[in-house]
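# Structural overview
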Amino acid sequence: MKWTVKDVDAYMQAKEYVDTALVPLVPLACANVKAFAEMGEHVLLIANEIERQFKGRVMLIPPFTYWVDEEKNALRERLHRWKEKLGQNGFRHIFCLTAHADWTEDGFVYLPPLPLEHVDDHYKQKLVSKQVEQAMETFISKWTEKN
Amino acid sequence: MSEKKHRVSRRQFLNYTLTGVGGFMAAGILSPMVRFALDPILKDETGQEMVAVAQVKDITNEPQRFDFKVKVKDAWYESEEPKSAWVYKDEKGEIVALSPICKHLGCTVNWNGDKANPNRFFCPCHYGLYEKDGTNVPGTPPIAPLDRYEYKVKDGTLYLGKAKPRGEA
Ligand code: FES
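To start, this report covers the structure provided alongside it.

The rules behind the values
Residues numbered from 1 in each chain as written. Chains lettered and ligands numbered in written order. Predicted model: local features only at pLDDT ≥ 70, side-chain atom pairs only at ≥ 80, totals over all residues. Heavy atoms only, no water. Salt bridge = Lys/Arg side-chain N within 4 Å of Asp/Glu carboxyl O. Buried < 20%, exposed > 50% of the residue type's maximum accessible area, 1.4 Å probe, protein only. Helix = DSSP H or I, 4+ residues; strand = E, 2+ residues; numbered from the N terminus. Pairing = 2+ DSSP bridges. 1 Å grid on protein atoms, 1.4 Å probe; cavity = no way out; pocket = protein on both sides within 12 Å on 5 of 7 lines; lining within 4 Å. Points joined across faces, edges and corners; volume = space filled by probe spheres on them. Nonpolar A, V, L, I, M, F, W, Y, C, P; charged D, E, K, R; others polar. Disulfide = S-S within 2.5 Å.

## Concerning the pattern of salt bridges
What the rule picks out here adds up to 18 salt bridges over all chains. The closest approach of N and O atoms between Glu81(B) and Lys83(B), which form a salt bridge, is 3.5 Å. When its relative accessible area of 27% is taken as the criterion, Lys83(B) is described as partly exposed. Several salt bridges share partner residues, and in doing so they unite Lys2(A), Asp7(A), Glu51(A) and Lys55(A) into one network.

Okay, here's the thing in C-alpha coordinates:
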(Lines give C-alpha, C1' and ligand atoms only; values in the text may rest on other atoms or scores of the structure.)
Protein backbone atom coordinates (compact mmCIF):
# COMPACT_ATOMS: atom_id res chain seq x y z
CA MET A 1 0.00 0.00 0.00
CA LYS A 2 1.04 3.52 -0.54
CA TRP A 3 0.68 6.67 1.42
CA THR A 4 -2.34 7.81 -0.57
CA VAL A 5 -5.92 8.46 0.49
CA LYS A 6 -7.21 5.39 -1.28
CA ASP A 7 -4.64 3.01 0.13
CA VAL A 8 -4.66 4.47 3.60
CA ASP A 9 -8.38 3.87 3.65
CA ALA A 10 -7.84 0.21 2.82
CA TYR A 11 -5.07 0.13 5.39
CA MET A 12 -7.34 1.31 8.18
CA GLN A 13 -9.64 -1.60 7.44
CA ALA A 14 -6.93 -4.22 7.28
CA LYS A 15 -4.41 -2.92 9.76
CA GLU A 16 -3.66 -6.28 11.32
CA TYR A 17 -2.58 -7.64 7.93
CA VAL A 18 -0.29 -4.79 6.99
CA ASP A 19 2.54 -5.39 9.40
CA THR A 20 5.51 -4.28 7.33
CA ALA A 21 6.80 -0.80 6.64
CA LEU A 22 9.12 -0.12 3.73
CA VAL A 23 11.22 3.01 4.06
CA PRO A 24 13.18 4.14 1.00
CA LEU A 25 16.22 6.26 1.79
CA VAL A 26 16.86 9.11 -0.61
CA PRO A 27 20.09 11.09 -0.31
CA LEU A 28 20.50 14.73 -1.29
CA ALA A 29 23.86 16.28 -2.13
CA CYS A 30 25.51 19.36 -3.59
CA ALA A 31 28.48 17.56 -5.06
CA ASN A 32 28.59 14.43 -7.12
CA VAL A 33 24.89 15.01 -7.65
CA LYS A 34 24.44 12.58 -10.46
CA ALA A 35 25.55 9.60 -8.42
CA PHE A 36 23.23 10.51 -5.56
CA ALA A 37 20.27 11.24 -7.79
CA GLU A 38 20.81 7.84 -9.33
CA MET A 39 20.76 6.19 -5.90
CA GLY A 40 17.48 7.82 -5.01
CA GLU A 41 15.88 7.00 -8.32
CA HIS A 42 17.01 3.42 -8.13
CA VAL A 43 15.72 2.93 -4.60
CA LEU A 44 12.32 4.40 -5.46
CA LEU A 45 12.01 2.28 -8.57
CA ILE A 46 12.61 -0.90 -6.61
CA ALA A 47 10.49 0.21 -3.67
CA ASN A 48 7.54 0.78 -5.99
CA GLU A 49 7.92 -2.60 -7.56
CA ILE A 50 8.11 -4.32 -4.17
CA GLU A 51 5.01 -2.45 -3.11
CA ARG A 52 3.19 -3.61 -6.21
CA GLN A 53 3.90 -7.25 -5.51
CA PHE A 54 3.45 -7.10 -1.72
CA LYS A 55 0.62 -4.63 -1.67
CA GLY A 56 -1.42 -6.45 0.93
CA ARG A 57 1.25 -6.63 3.59
CA VAL A 58 3.67 -3.79 2.97
CA MET A 59 3.11 -0.08 3.44
CA LEU A 60 5.47 2.01 1.34
CA ILE A 61 6.35 4.98 3.54
CA PRO A 62 7.24 8.31 1.87
CA PRO A 63 11.03 8.50 1.43
CA PHE A 64 13.32 9.32 4.31
CA THR A 65 15.35 12.12 2.79
CA TYR A 66 18.68 13.37 4.10
CA TRP A 67 21.73 15.40 3.15
CA VAL A 68 24.79 13.28 2.67
CA ASP A 69 26.86 15.66 4.77
CA GLU A 70 24.48 15.63 7.72
CA GLU A 71 26.17 14.85 11.00
CA LYS A 72 26.22 11.05 11.13
CA ASN A 73 25.01 10.47 14.67
CA ALA A 74 22.20 12.98 14.46
CA LEU A 75 21.11 11.43 11.18
CA ARG A 76 21.10 7.91 12.58
CA GLU A 77 19.16 9.18 15.56
CA ARG A 78 16.57 10.78 13.29
CA LEU A 79 16.08 7.61 11.30
CA HIS A 80 15.92 5.65 14.50
CA ARG A 81 13.06 7.83 15.70
CA TRP A 82 11.21 7.22 12.42
CA LYS A 83 11.50 3.51 12.89
CA GLU A 84 10.46 3.73 16.51
CA LYS A 85 7.38 5.67 15.56
CA LEU A 86 6.45 3.15 12.89
CA GLY A 87 6.99 0.34 15.37
CA GLN A 88 4.68 2.01 17.86
CA ASN A 89 2.05 2.20 15.16
CA GLY A 90 1.84 -1.48 14.65
CA PHE A 91 4.50 -2.24 12.07
CA ARG A 92 6.27 -5.36 13.24
CA HIS A 93 8.75 -5.41 10.39
CA ILE A 94 10.54 -2.32 9.17
CA PHE A 95 12.80 -2.48 6.15
CA CYS A 96 14.95 0.39 4.99
CA LEU A 97 15.97 0.38 1.35
CA THR A 98 19.14 2.15 0.36
CA ALA A 99 21.56 2.34 -2.52
CA HIS A 100 24.02 4.41 -0.49
CA ALA A 101 26.82 2.25 0.88
CA ASP A 102 27.30 4.49 3.92
CA TRP A 103 24.48 2.74 5.73
CA THR A 104 25.56 -0.47 7.33
CA GLU A 105 22.94 -0.99 10.04
CA ASP A 106 20.79 -4.03 10.57
CA GLY A 107 17.45 -4.24 8.87
CA PHE A 108 18.78 -2.51 5.77
CA VAL A 109 18.32 -3.85 2.32
CA TYR A 110 21.24 -2.63 0.27
CA LEU A 111 20.63 -2.23 -3.44
CA PRO A 112 23.81 -1.40 -5.30
CA PRO A 113 22.86 1.20 -7.91
CA LEU A 114 23.01 -0.12 -11.44
CA PRO A 115 24.57 1.88 -14.23
CA LEU A 116 21.23 2.12 -15.98
CA GLU A 117 21.78 5.24 -17.99
CA HIS A 118 23.21 3.59 -21.09
CA VAL A 119 21.54 0.24 -20.84
CA ASP A 120 18.71 -0.73 -23.17
CA ASP A 121 15.25 -1.13 -21.72
CA HIS A 122 14.93 -4.86 -21.92
CA TYR A 123 18.21 -5.53 -20.14
CA LYS A 124 17.46 -2.81 -17.62
CA GLN A 125 14.23 -4.56 -16.70
CA LYS A 126 16.07 -7.84 -16.21
CA LEU A 127 18.60 -6.28 -13.85
CA VAL A 128 15.97 -4.47 -11.87
CA SER A 129 13.72 -7.48 -11.49
CA LYS A 130 16.67 -9.52 -10.25
CA GLN A 131 17.19 -7.03 -7.43
CA VAL A 132 13.49 -6.85 -6.71
CA GLU A 133 13.37 -10.62 -6.42
CA GLN A 134 16.30 -10.70 -4.04
CA ALA A 135 14.80 -8.00 -1.86
CA MET A 136 11.49 -9.86 -1.79
CA GLU A 137 13.23 -13.02 -0.72
CA THR A 138 14.77 -11.15 2.18
CA PHE A 139 11.31 -9.98 3.18
CA ILE A 140 9.83 -13.45 2.98
CA SER A 141 12.59 -14.99 5.04
CA LYS A 142 12.20 -12.30 7.71
CA TRP A 143 8.46 -12.86 7.76
CA THR A 144 8.75 -16.60 8.21
CA GLU A 145 11.49 -16.52 10.83
CA LYS A 146 9.40 -14.51 13.26
CA ASN A 147 6.20 -16.44 12.81
CA MET B 1 -10.19 39.49 -74.59
CA SER B 2 -13.58 39.27 -73.22
CA GLU B 3 -14.00 39.00 -69.53
CA LYS B 4 -17.07 36.92 -69.94
CA LYS B 5 -15.13 33.77 -70.80
CA HIS B 6 -13.56 33.65 -67.39
CA ARG B 7 -16.68 34.19 -65.46
CA VAL B 8 -17.84 31.12 -63.58
CA SER B 9 -21.41 30.33 -64.36
CA ARG B 10 -23.88 29.54 -61.61
CA ARG B 11 -23.97 25.92 -62.76
CA GLN B 12 -20.20 25.56 -62.69
CA PHE B 13 -19.96 27.22 -59.31
CA LEU B 14 -22.43 24.81 -57.79
CA ASN B 15 -20.67 21.88 -59.40
CA TYR B 16 -17.31 22.86 -57.97
CA THR B 17 -18.56 23.51 -54.51
CA LEU B 18 -20.66 20.39 -54.31
CA THR B 19 -17.87 18.11 -55.50
CA GLY B 20 -15.50 19.81 -53.10
CA VAL B 21 -17.75 19.56 -50.08
CA GLY B 22 -18.94 16.10 -51.05
CA GLY B 23 -15.37 14.96 -51.39
CA PHE B 24 -14.58 16.11 -47.90
CA MET B 25 -17.62 14.40 -46.52
CA ALA B 26 -16.80 11.18 -48.30
CA ALA B 27 -13.26 11.29 -46.96
CA GLY B 28 -14.59 11.89 -43.49
CA ILE B 29 -16.80 8.86 -43.71
CA LEU B 30 -14.37 6.56 -45.46
CA SER B 31 -11.15 7.20 -43.62
CA PRO B 32 -12.18 5.76 -40.27
CA MET B 33 -13.48 2.72 -42.11
CA VAL B 34 -10.15 2.27 -43.79
CA ARG B 35 -8.37 2.87 -40.53
CA PHE B 36 -10.36 0.17 -38.78
CA ALA B 37 -9.70 -2.22 -41.59
CA LEU B 38 -5.97 -1.66 -41.36
CA ASP B 39 -5.57 -1.09 -37.65
CA PRO B 40 -4.00 -4.18 -36.13
CA ILE B 41 -4.74 -3.28 -32.51
CA LEU B 42 -7.46 -5.40 -31.02
CA LYS B 43 -10.10 -3.88 -28.86
CA ASP B 44 -12.51 -5.53 -26.51
CA GLU B 45 -16.21 -4.63 -26.30
CA THR B 46 -15.56 -1.60 -24.15
CA GLY B 47 -13.05 -0.27 -26.66
CA GLN B 48 -10.16 -1.00 -24.35
CA GLU B 49 -7.01 -2.03 -26.19
CA MET B 50 -5.93 -5.61 -25.82
CA VAL B 51 -2.24 -6.23 -25.44
CA ALA B 52 -0.09 -8.89 -27.10
CA VAL B 53 1.29 -10.95 -24.27
CA ALA B 54 2.59 -14.27 -25.54
CA GLN B 55 2.88 -16.67 -28.43
CA VAL B 56 0.30 -19.42 -28.24
CA LYS B 57 2.95 -22.04 -29.02
CA ASP B 58 4.79 -21.11 -25.80
CA ILE B 59 1.78 -21.80 -23.62
CA THR B 60 1.95 -25.12 -21.77
CA ASN B 61 -0.20 -27.04 -19.33
CA GLU B 62 1.92 -25.62 -16.56
CA PRO B 63 1.05 -22.04 -15.61
CA GLN B 64 3.73 -19.59 -16.70
CA ARG B 65 4.05 -15.99 -15.79
CA PHE B 66 4.01 -13.41 -18.57
CA ASP B 67 4.70 -9.76 -17.90
CA PHE B 68 3.30 -6.96 -19.99
CA LYS B 69 2.41 -3.30 -19.81
CA VAL B 70 -0.83 -1.46 -20.25
CA LYS B 71 -1.37 2.21 -20.81
CA VAL B 72 -3.40 3.86 -18.09
CA LYS B 73 -4.69 7.36 -18.02
CA ASP B 74 -5.53 9.05 -14.80
CA ALA B 75 -6.61 12.63 -14.38
CA TRP B 76 -3.16 14.04 -15.11
CA TYR B 77 -1.01 11.78 -17.10
CA GLU B 78 -0.82 8.72 -19.18
CA SER B 79 1.55 6.12 -17.91
CA GLU B 80 2.41 2.49 -18.37
CA GLU B 81 1.41 0.10 -15.68
CA PRO B 82 3.23 -3.20 -15.36
CA LYS B 83 0.97 -6.24 -15.23
CA SER B 84 1.42 -9.97 -15.19
CA ALA B 85 -0.68 -13.00 -15.94
CA TRP B 86 -0.43 -16.70 -15.16
CA VAL B 87 -1.24 -18.47 -18.41
CA TYR B 88 -1.75 -22.16 -19.19
CA LYS B 89 -3.86 -24.55 -21.25
CA ASP B 90 -6.40 -26.61 -19.35
CA GLU B 91 -7.26 -30.28 -20.05
CA LYS B 92 -9.57 -29.25 -22.85
CA GLY B 93 -6.74 -27.31 -24.44
CA GLU B 94 -8.36 -24.02 -23.66
CA ILE B 95 -6.28 -21.07 -22.61
CA VAL B 96 -6.68 -19.79 -19.08
CA ALA B 97 -5.12 -16.43 -18.15
CA LEU B 98 -5.32 -15.63 -14.47
CA SER B 99 -4.62 -12.36 -12.79
CA PRO B 100 -1.88 -12.79 -10.17
CA ILE B 101 -3.50 -10.29 -7.84
CA CYS B 102 -4.55 -11.93 -4.59
CA LYS B 103 -8.22 -11.37 -3.82
CA HIS B 104 -7.42 -10.84 -0.17
CA LEU B 105 -5.42 -7.61 -0.14
CA GLY B 106 -3.72 -7.55 -3.49
CA CYS B 107 -0.30 -9.16 -3.25
CA THR B 108 1.09 -11.06 -6.23
CA VAL B 109 0.58 -14.80 -6.10
CA ASN B 110 3.01 -17.42 -7.38
CA TRP B 111 2.48 -20.81 -8.93
CA ASN B 112 4.04 -23.48 -6.71
CA GLY B 113 5.20 -20.72 -4.39
CA ASP B 114 4.91 -22.89 -1.32
CA LYS B 115 6.74 -26.22 -1.10
CA ALA B 116 4.06 -27.67 1.17
CA ASN B 117 1.32 -26.92 -1.37
CA PRO B 118 2.37 -28.12 -4.82
CA ASN B 119 0.23 -27.31 -7.86
CA ARG B 120 -1.41 -24.36 -6.25
CA PHE B 121 -1.03 -20.63 -6.37
CA PHE B 122 0.44 -19.24 -3.20
CA CYS B 123 0.27 -15.75 -1.76
CA PRO B 124 3.31 -15.03 0.41
CA CYS B 125 1.63 -12.19 2.29
CA HIS B 126 -0.86 -14.06 4.44
CA TYR B 127 -0.47 -17.55 3.01
CA GLY B 128 -3.49 -17.48 0.74
CA LEU B 129 -3.91 -20.50 -1.58
CA TYR B 130 -5.70 -21.04 -4.88
CA GLU B 131 -6.23 -24.13 -7.00
CA LYS B 132 -4.86 -24.25 -10.53
CA ASP B 133 -8.11 -22.90 -11.98
CA GLY B 134 -7.98 -19.96 -9.61
CA THR B 135 -10.49 -21.19 -7.03
CA ASN B 136 -9.59 -19.99 -3.57
CA VAL B 137 -8.84 -22.68 -1.01
CA PRO B 138 -11.23 -22.41 1.93
CA GLY B 139 -9.60 -21.70 5.24
CA THR B 140 -7.04 -19.31 3.73
CA PRO B 141 -7.62 -15.54 3.77
CA PRO B 142 -8.86 -15.00 0.18
CA ILE B 143 -12.63 -15.15 -0.16
CA ALA B 144 -12.93 -15.18 -3.95
CA PRO B 145 -11.26 -16.88 -6.91
CA LEU B 146 -8.55 -15.14 -8.90
CA ASP B 147 -9.76 -12.86 -11.68
CA ARG B 148 -9.53 -14.03 -15.27
CA TYR B 149 -8.28 -11.99 -18.16
CA GLU B 150 -10.39 -11.65 -21.25
CA TYR B 151 -8.36 -12.98 -24.12
CA LYS B 152 -8.24 -13.26 -27.85
CA VAL B 153 -5.98 -15.22 -30.12
CA LYS B 154 -4.97 -13.76 -33.43
CA ASP B 155 -2.31 -15.14 -35.76
CA GLY B 156 -0.82 -17.29 -33.04
CA THR B 157 -0.51 -14.43 -30.58
CA LEU B 158 -2.34 -14.22 -27.30
CA TYR B 159 -3.89 -10.85 -26.51
CA LEU B 160 -5.18 -9.99 -23.05
CA GLY B 161 -7.79 -7.44 -22.08
CA LYS B 162 -9.32 -6.69 -18.71
CA ALA B 163 -9.16 -9.02 -15.75
CA LYS B 164 -12.64 -9.83 -14.54
CA PRO B 165 -14.00 -11.65 -11.51
CA ARG B 166 -14.90 -15.24 -12.24
CA GLY B 167 -18.43 -15.61 -13.47
CA GLU B 168 -18.17 -12.48 -15.55
CA ALA B 169 -15.23 -13.38 -17.76
S1 FES C 1 -2.94 -10.56 0.29
FE2 FES C 1 -2.90 -12.61 -0.37
S3 FES C 1 -3.40 -13.67 1.45
FE4 FES C 1 -3.49 -11.61 2.08
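Don't stop here, the text continues.
## Observations regarding the pairing of strand β3 (residues 64-67) of chain A
Side-chain direction in a regular strand flips from residue to residue, so the side chains alternate between the two faces of the sheet. All names here are of chain A. A one-sided burial pattern is seen for β3, the buried positions being Phe 64 and Tyr 66 and the unburied ones Thr 65 and Trp 67. Relative to β3, strand β1 (residues 20-28) runs parallel, the two sharing four bridges. Each residue of the ladder has a partner; that of Leu 25, found in β3, is Phe 64.

## Some points on the pairing of strand β2 (residues 64-73) of chain B
All names here are of chain B. Of the strand pairs in this sheet, β2 and strand β3 (residues 78-89) are connected by 10 bridges, and their pairing is antiparallel. If you follow Lys 71 over to β3, its bridge partner there is Glu 80. With antiparallel pairing between neighbouring strands as the criterion, β2 and β3 make up a hairpin whose turn holds four residues.

## Let's talk about the sheet that holds strand β6 (residues 121-123) of chain B
Residues and elements named next belong to chain B. Pairing is antiparallel across the open sheet formed by three strands, whose spatial order is β5-β6-β7. Both outer strands of the open sheet, β5 (110-111) and β7 (128-130), are each paired with one neighbouring strand and no more. In terms of strand pairing, β6 meets β7 through three bridges, oriented antiparallel. Paired with Phe 121 across the two strands is Tyr 130, which belongs to β7.

## Let's talk about empty space enclosed by the protein
Residue and element names in this part refer to chain A. In this structure the tally under the stated criterion is one cavity of 30 Å³ or more. In this structure, the largest cavity encloses a volume near 30 Å³. Around the largest cavity sit Tyr 66, Val 68, Lys 72, Leu 75, Arg 76, His 100, Asp 102 and Trp 103, which together line it. Of all the elements, helix α3 (residues 72-88) adds the most residues to the lining of the largest cavity, at three residues. Broken down by class, the residue content of the lining of the largest cavity amounts to four nonpolar, one polar and three charged.

## Observations regarding the state of the cysteines
Tallying each qualifying case throughout the model produces one disulfide over all chains. Paired by a disulfide, Cys107(B) and Cys125(B) hold their sulfur atoms 2.1 Å apart. Disulfide Cys107(B)-Cys125(B): the torsion about the S-S bond is -90°, which places it as left-handed. Remark: Cys125(B) occurs in the loop between β6 and β7 and Cys107(B) occurs in the loop between β4 (95-98) and β5; sequence separation between them is 18 residues. By the burial criterion, Cys107(B) is buried, and Cys125(B) matches it. Left without a disulfide partner, Cys96(A) is nearest to the cysteine sulfur of Cys125(B), which lies 19 Å away. You can call Cys96(A) buried: its relative accessible area is 0%.

## What about the layout of surface pockets?
If you add up the space inside the second largest pocket, you get close to 250 Å³. Forming the boundary of the second largest pocket are Trp3(A), Tyr11(A), Lys15(A), Met59(A), Ile61(A), Pro62(A), Trp82(A), Lys85(A), Leu86(A), Asn89(A) and Phe91(A).

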